[in-house]
Amino acid sequence: KLIAVCDASLEVVHTWNVAALLAGVTLDSVPIGGMVVGCAFIKDDIPVVVSINGELSLLPKPAMLSTGLDEYKKLTGHVAPIAGMAVDYTRGLLYTADTDGLLCQYSIDTGKPVKRFSPPGSTDLLGKMHGEATISCLTAVAGGSVLTAGWDDAVRMVDSDGSIVEQAIALDAQPNALSSGAELSVVATVGGLVLIKDGAAVSSMITIPYSALSVCVSADDTTIYVGGEDCKIHVYSVTGSYHLEEKHVIESAHLKPIHALVLSNDQSKLASADVRDVCIWNVSENYAQIIGKSRWCFHTQRITCLAWSPDDSILASGGADDSIYLWSLAKKTKRLHYPFSHRGGVTGLAFLRQGLKLVSVGADSCVNQWNVEADVAKKFS
């Protein structure tokens, strides 16, 4: 409400229905997510309110105000720790998911949030994709769809048109990691692996004799790499009937369980990481060691994510120690360190396709963009 104070009396001169503005439709009652928990005026007498769902509303000016916004504007994002992110390079979109179960979409060009998704049939304006469960991982699939895996032991799919598929994919086990190739996606769970294609599971739970902590899929969908609690990297071929055949094991790959895996853009190198070491393997030469244990070993806590630069010359690693490191294959003894990148830990990394721009997300609920081109040139030249 906008209240005028005149001669020691109060008069309501304007009322905004914030919940209806958030929902974009007329509402008979206020859903829990639309309840207002704070309000203030900012520059140019723009009234701003924050709702219980964490979204900010910049309200349109009423007739009695000479300044302000002519149209309603909503600012969305995260207030809970971000669990991970996925990038749709073709459409220039970035997706982030958090431990409250929220999924947000950002424009890579502008760096601004586009929207927050809401599951089918939801009217509470909270936008929780997996009920009350945390989203633990997500991936972007070629063609524009996005998959999220949550602690409700299910995978949900967002179509390329932005609509959420109503039927979730049951996993029957808690997910640890999720990755996609061209069309095939793989979920690593505490019970094994599940293969997904075209929004449906194409395999039952594939049991394995170790605990899978990380996973990645080759660009042609023919090979799956799994990082295990057994400190080994297991390499599988995907058969035509979506069975897995183990074709190689990188024995003694790490001294600790493997929490991150990523293939280079040209598919020739595989990077892996545990709680300290970042290693690189030559895929085309029977997984010969390029960078082994105890060389790139400066993280002090679990390494959560890895990302290759567009030309595969630089590898970025992010960890629970709040740090981002940049490593160069041309200058193996040098490193770039960005401490305190995200308070509470880094949970996702991705290089953009233009220059050396890096996007990171973390437990501080923030999405950061870094231009590391000058630093890389200075350090690794």
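Residues numbered from 1 in each chain as written. Predicted model: local features only at pLDDT ≥ 70, side-chain atom pairs only at ≥ 80, totals over all residues. Heavy atoms only, no water.

Asker: I'd love a proper account of the overall build of the protein, names of residues and values included.
Answerer: Across its full length, the protein carries 2 helices and 33 strands. The dimensions of the protein, computed from C-alpha atoms along their principal axes, are 85 × 50 × 30 Å. Burial status across the protein gives 51% buried among its 381 residues. When the accessible surface of the protein is summed, it comes to about 17100 Å², and 50% of that surface belongs to carbon and sulfur atoms. (Helix = DSSP H or I, 4+ residues; strand = E, 2+ residues; numbered from the N terminus. Buried < 20%, exposed > 50% of the residue type's maximum accessible area, 1.4 Å probe, protein only. Areas by Shrake-Rupley, 256 points an atom, 1.4 Å probe, with all protein chains shown as cover.)

Asker: For the side chain of T96, give the residues involved together with the corresponding values.
Answerer: Mapped onto the elements, T96 comes out in strand β8 (residues 93-98). In terms of polar contacts, T96 uses its side chain to reach the side chain of H78, at 2.6 Å. Apart from residues no more than four positions distant in its own chain, T96 is found in contact with H78, I82, G84, M85, L102, L103, C104, Y106, L138, V361 and V367. (Polar contact = N/O pair within 3.5 Å; in protein donor to acceptor, adjacent residues only side chain to side chain. Contact = heavy atoms within 4.5 Å.)

Asker: Could you give an account of the sheet that holds strand β3 (residues 36-42), naming the residues involved and the relevant values?
Answerer: Read across the open sheet, the 4 strands follow the order β3-β4-β5-β6; overall the sheet is antiparallel. At either end of the open sheet lies a strand with only one pairing partner, and these are β3 and β6 (73-75). The mean angle between the axes of side-by-side strands here comes to 20°, regardless of whether they run parallel or antiparallel. (Pairing = 2+ DSSP bridges. Axes fitted to C-alpha atoms, helices over the stretch in contact; angles between N-to-C directions.)

Asker: Can you lay out the packing of aromatic side chains for me, pointing to particular residues and giving the numbers?
Answerer: Within this structure, the stated rule accounts for 6 aromatic pairs. Relative to Y287, the ring of Y225 lies with its centre 6.1 Å away and its plane at 70°, an arrangement referred to as edge-to-face. Residue Y225 is located in strand β20 (residues 223-228), and its partner Y287 is located in the loop between β25 (278-282) and β26 (288-296); the two are separated by 62 residues in the primary sequence. Judged on exposure class, the residue Y225 and its partner Y287 are both buried. These aromatic residues form a ring-pair network of at least three members: W296, F298, Y325 and W327. (Phe/Tyr/Trp six-rings, centres within 6.5 Å; stacked < 30°, edge-to-face > 60°.)

Asker: Tell me about the nonpolar core, residues and numbers included.
Answerer: Residues L193, I224, V226 and L244 are the most contacted members of the largest nonpolar core, which totals 17 residues. Leaving out residues up to four positions away in the same chain, L193 has contacts with V186, V187, A188, S203, S204, M205, I206, I208, A212, V226 and L244. Counting residues in each nonpolar core, the second largest holds 16 residues, with C305, A316, L336 and L349 among its members. (Core = buried A, V, L, I, M, F, W, Y, C linked by side-chain atoms within 4.5 Å.)

Asker: Tell me what's going on with the environment of D124, and back it up with residues and numbers.
Answerer: Counting through the fold element by element, D124 comes out in the loop between β10 (113-116) and β11 (135-141). Of the residues examined, D124 reaches a relative accessible area of 28% and is grouped as partly exposed. With 71 residues separating them in the primary sequence, D124 and N53 have C-alpha atoms 9.2 Å apart. Apart from residues no more than four positions distant in its own chain, D124 is found in contact with P31, I32, G33 and G34. Among the polar contacts made by the side chain of D124, one reaches the main-chain amide nitrogen of L126 at a distance of 3.0 Å.

Asker: Please set out the sheet that holds strand β14 (residues 169-170) residue by residue, giving values where relevant.
Answerer: Judged by pairing direction, the sheet is antiparallel, and its 4 strands sit side by side in the order β11-β12-β13-β14 without closing on themselves. The sheet is open, and its two edges are formed by β11 and β14, each paired on a single side. Note that β11 and strand β12 (residues 145-150) share 6 bridges and pair antiparallel. Note on β12: the bridge partner recorded for L138 is T148.

Asker: Outline the state of the cysteines, listing residues and values.
Answerer: Note on terminology: a disulfide is the covalent bond linking the sulfur atoms of two cysteines. For the coordinates displayed, the defined rule picks out 0 disulfides. Among the cysteines around C104, which has no disulfide bond, C366 carries the closest sulfur, lying 13 Å off. Free of any disulfide, C137 has its nearest neighbouring cysteine sulfur in C305, separated by 13 Å. (Disulfide = S-S within 2.5 Å.)

Asker: I'd love a proper account of the pattern of salt bridges, names of residues and values included.
Answerer: Scanning the entire structure with this criterion turns up 8 salt bridges. Salt-bridge contacts for K232 lead to E251; the nearest nitrogen and oxygen are separated by 3.1 Å. Within this pair, whereas K232 is found in the loop between β20 and β21 (233-238), its partner E251 is found in the loop between β22 (244-250) and β23 (260-263), the two being separated by 19 residues in sequence. Residue class for K232 comes out partly exposed when judged on its relative accessible area of 26%. Assessed through its relative accessible area of 49%, E251 is described here as partly exposed. (Salt bridge = Lys/Arg side-chain N within 4 Å of Asp/Glu carboxyl O.)

Asker: Before we move on, can you summarise a nonpolar patch on the surface with the specific residues and values?
Answerer: A surface patch of nonpolar side chains, about 440 Å² in accessible area, is lined by V30, I32, M35, V37 and I52. Residue position: V37 is located in strand β3. Classification of V37 as exposed rests on a relative accessible area of 56%. (Patch = residues over 30% accessible without salt bridge, like charges linked within 9 Å, V, L, I, M, F, W, Y side chains within 5 Å.)

Asker: Go over the environment of G199 with me, naming the residues and quoting the values.
Answerer: Within the element layout of this structure, G199 appears in the loop between β17 (192-197) and β18 (200-201). Given the relative accessible area of 24%, G199 is considered partly exposed. The spatial distance from the C-alpha of G199 to the C-alpha of M157 is 6.4 Å, given a sequence separation of 42 residues. Among residues more than four places away in sequence, those in contact with G199 are M157 and I169.

Asker: Now, about the pairing of β26: what can you tell me, with residues and values included?
Answerer: As paired strands, β25 and β26 are joined by 4 bridges and run antiparallel to one another. When the sheet's bridge partners are listed, W281 is paired in β26 with Q289. In this antiparallel pair of consecutive strands, β25 and β26, the connection spans 5 residues, and N286 shows a positive phi of 55°.

None of the figures reported here should be taken as evidence of function without further support.
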